[in-house]
Amino acid sequence: EFVDAPTYMQMVNEANDNNNSQHIFPDSAIEFTRTGKDPVNYPNTDWMKLILKPTAFSQSHTVSVSGGNSIARFAVNANYLKQDGIMANTSANRFSLRANTSVTLKQNLLMYLDLAVMRKEQTLPIQRYGSIGGPGPEYIFWELYRVPPTVRAKYPAWPDGYQAYGKFGDMQNPLAELERGGYSQGKVDIINMNFQPQWNITPDLKLKGQ
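Here we summarise the structure given alongside this text. Computed from a prediction, not measured in an experiment: that's the story for all the values here. (Residues numbered from 1 in each chain as written. Predicted model: local features only at pLDDT ≥ 70, side-chain atom pairs only at ≥ 80, totals over all residues. Heavy atoms only, no water.)

## A few points about the environment of Tyr 80
- As for its position among the elements, Tyr 80 is in strand β2 (residues 72-84).
- According to the relative accessible area criterion, Tyr 80 is partly exposed, its value standing at 32%.
- Between the alpha carbons of Tyr 80 and Leu 115 there is a distance of 17 Å; along the sequence they are 35 residues apart.
- What Tyr 80 contacts, discounting residues up to four positions off in sequence, is Gln 59, Ser 60, His 61, Asn 93 and Arg 94. (Helix = DSSP H or I, 4+ residues; strand = E, 2+ residues; numbered from the N terminus. Buried < 20%, exposed > 50% of the residue type's maximum accessible area, 1.4 Å probe, protein only. Contact = heavy atoms within 4.5 Å.)

## Let's talk about the pairing of strand β6 (residues 205-208)
- Relative to β6, strand β5 (residues 183-202) runs antiparallel, the two being bridged by four bridges. Across the sheet, residue Asn 200 finds its bridge partner in β6, namely Lys 206.
- Once β5 ends, the chain turns through two residues before running back antiparallel as β6. (Pairing = 2+ DSSP bridges.)

## So, a nonpolar patch on the surface
- On the surface, a nonpolar cluster with roughly 310 Å² of combined accessible area is contributed by Val 63, Val 65, Phe 74 and Val 76.
- Going through the elements one at a time, β1 (58-68) and β2 are the ones with two or more residues in the nonpolar patch.
- Mapped onto the secondary structure, Val 76 falls in strand β2.
- Relative accessible area serves as the criterion here: at 31%, Val 76 is assigned to the partly exposed category. (Patch = residues over 30% accessible without salt bridge, like charges linked within 9 Å, V, L, I, M, F, W, Y side chains within 5 Å. Areas by Shrake-Rupley, 256 points an atom, 1.4 Å probe, with all protein chains shown as cover. Salt bridge = Lys/Arg side-chain N within 4 Å of Asp/Glu carboxyl O.)

Structure below.
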């Protein structure tokens, strides 16, 4: 839980008192911020509430089929997972399929086949300034902890449609990053196949390959 803007302003002034420095925020500015009558010039921004959703929906569906006889046996399992992110327009989808099959080629010769297929798709905000680099929401999280509540998230749009966002020094605005920074969409496909012939030489001796 973060303090609101008036409390933050008072704490900054108290810190300056302890450092024998002048107050950054006048009492009048703190009072204007507390009343909320002029949110454009005296904002009280709750960045966490603005950027992060309180809940993210998730769903998972699985279907399994198995069967066979003395010659061939199979088991197939399919799963679909969809997860919404806690930031706007972020999500992850995963589809996986696994099949296990065994076939008796001869009385003492068997063949096992395992097949695993997975596709994963992700939509993430583009991380432009983070030290980690590449697409991801890490920098936006970093901004949530750094940008003070006295910064205006977004100003009213101009008549020509231009949208201005508040800024704190060289800090970026997490809402601007989320709305205007762009998104990356990634897709990963993985296929694994495993063949295992088994030769039952004697009841106590088996030779297996992979």
